[in-house]
Amino acid sequence: MFAAAIVLAACHPPSGALVQSPPTPAAAAPGTPSPTPVTEWTITSIDWDDADSGDINGVRFRLSNIDAPETGGVGAAVGAALCEAERTRGLAARDWIEELTRDTSRLRITSTYGYDRMERPRLLIDLAVDGVDVGRAGIEAGHLAPWPHDGARALGPKPDWCR
């Protein structure tokens, strides 16, 4: 399998490193509302927690300004869905995005926005497959919803996946 060139926030890789590392959360500007200049990267893996967040090359990320239904059981301590319908939609959304992004040679991160303010910070990104924005494709397919933010502040309520 070929590794794809993707784009992540500018950084200085350790001497002799084969794959660049992203900036550390302390080095990034949390909640930066505009895209950060980017540097080419090589992606070797992508793993999804749900359809809007996961790990790229072991780096935690979240799709910027996008929400996906939660996949955790109703009442779970982490990633809890508010109702069983949300969980069902979340599992379908994750299956969809895993299939869409399975071939890492087709992936590219087009913009980064710093880190969110979660306990384990995630790099906020825009991701594309063959030049098509993943968030937009997910919205059009009915698996994702827009959830605009200004830095770390949501500009509206979280989408209701239980309706």
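The structure under discussion appears in the preceding block.
Residues numbered from 1 in each chain as written. Predicted model: local features only at pLDDT ≥ 70, side-chain atom pairs only at ≥ 80, totals over all residues. Heavy atoms only, no water.

S.K.: Just to check I follow, could you spell out the overall build of the protein chain for this structure?
M.R.: Of regular secondary structure, the protein chain possesses two helices and twelve strands. The linear arrangement of helices and strands in the protein chain, starting from the amino end, is β-β-β-β-β-β-α-β-β-β-α-β-β-β. Across the 163 residues in the protein chain, those meeting the buried criterion constitute 42%. Contacts in the protein chain between residues far apart in sequence, at least 24 positions, make up 55% of those at least 6 positions apart. For the protein chain, the accessible surface area stands at approximately 8600 Å², while carbon and sulfur atoms represent 55% of it. (Helix = DSSP H or I, 4+ residues; strand = E, 2+ residues; numbered from the N terminus. Buried < 20%, exposed > 50% of the residue type's maximum accessible area, 1.4 Å probe, protein only. Contact = heavy atoms within 4.5 Å. Areas by Shrake-Rupley, 256 points an atom, 1.4 Å probe, with all protein chains shown as cover.)

S.K.: Got a minute to help me understand the nonpolar core in this structure?
M.R.: The tendency in soluble globular proteins is for nonpolar side chains to be buried as a group. Judged by nonpolar contacts, the single largest core of 20 residues is most densely connected at Ile46, Trp48, Ile56, Phe61, Leu63, Ile125 and Leu127. Counting only elements with at least two residues in this core, the list comes to strand S3 (46-50), strand S5 (59-63), helix H1 (84-100), strand S7 (107-115) and strand S8 (123-129). For this core, the leading source of residues is S8, giving four residues. (Core = buried A, V, L, I, M, F, W, Y, C linked by side-chain atoms within 4.5 Å.)

S.K.: Explanation requested: the environment of Leu144 in the structure shown.
M.R.: Here Leu144 is to be found in the loop between helix H2 (134-141) and strand S10 (145-146). Once residues lying within four places of it in the same chain are set aside, the contact partners of Leu144 are Ala51, Leu63, Ile66, Asp67, Ala68, Val134, Gly135, Gly138, Ile139 and Trp161.

S.K.: Hey, could you run me through H2 in this one?
M.R.: Residues spaced three or four apart along an α-helix face the same direction, because each turn holds 3.6 residues. Taken residue by residue, H2 has Val134, Gly135, Ala137 and Gly138 as its buried positions. Down the axis of H2, the buried side of the element spans an arc of 165 degrees, and every buried residue falls inside it. Facing away from the buried side of H2 by more than 90 degrees, the exposed set consists of Arg136 and Glu140. If you follow the buried residues of H2, they end up packed against S5, strand S6 (66-67), H1, S8 and strand S9 (132-133). Its side-chain oxygen 3.1 Å from the backbone nitrogen of Gly135, Asp133 forms the N-cap of H2. Once H2 finishes, Gly142 follows within two positions and takes phi at roughly 85 degrees, a positive value. (Arc of directions from axis to C-beta. Polar contact = N/O pair within 3.5 Å; in protein donor to acceptor, adjacent residues only side chain to side chain.)

S.K.: Sorry, what's going on with the pattern of salt bridges here?
M.R.: For side chains bearing opposite charge, pairing can occur when the charged atoms are close. With the rule as written, the count across this model stands at ten salt bridges. A salt bridge links Asp150 to Arg153; the shortest N-O distance between them is 3.6 Å. Three or more residues are tied together by salt bridges with common partners; here these are Asp52, Arg62, Asp67, Glu70 and Lys158. (Salt bridge = Lys/Arg side-chain N within 4 Å of Asp/Glu carboxyl O.)

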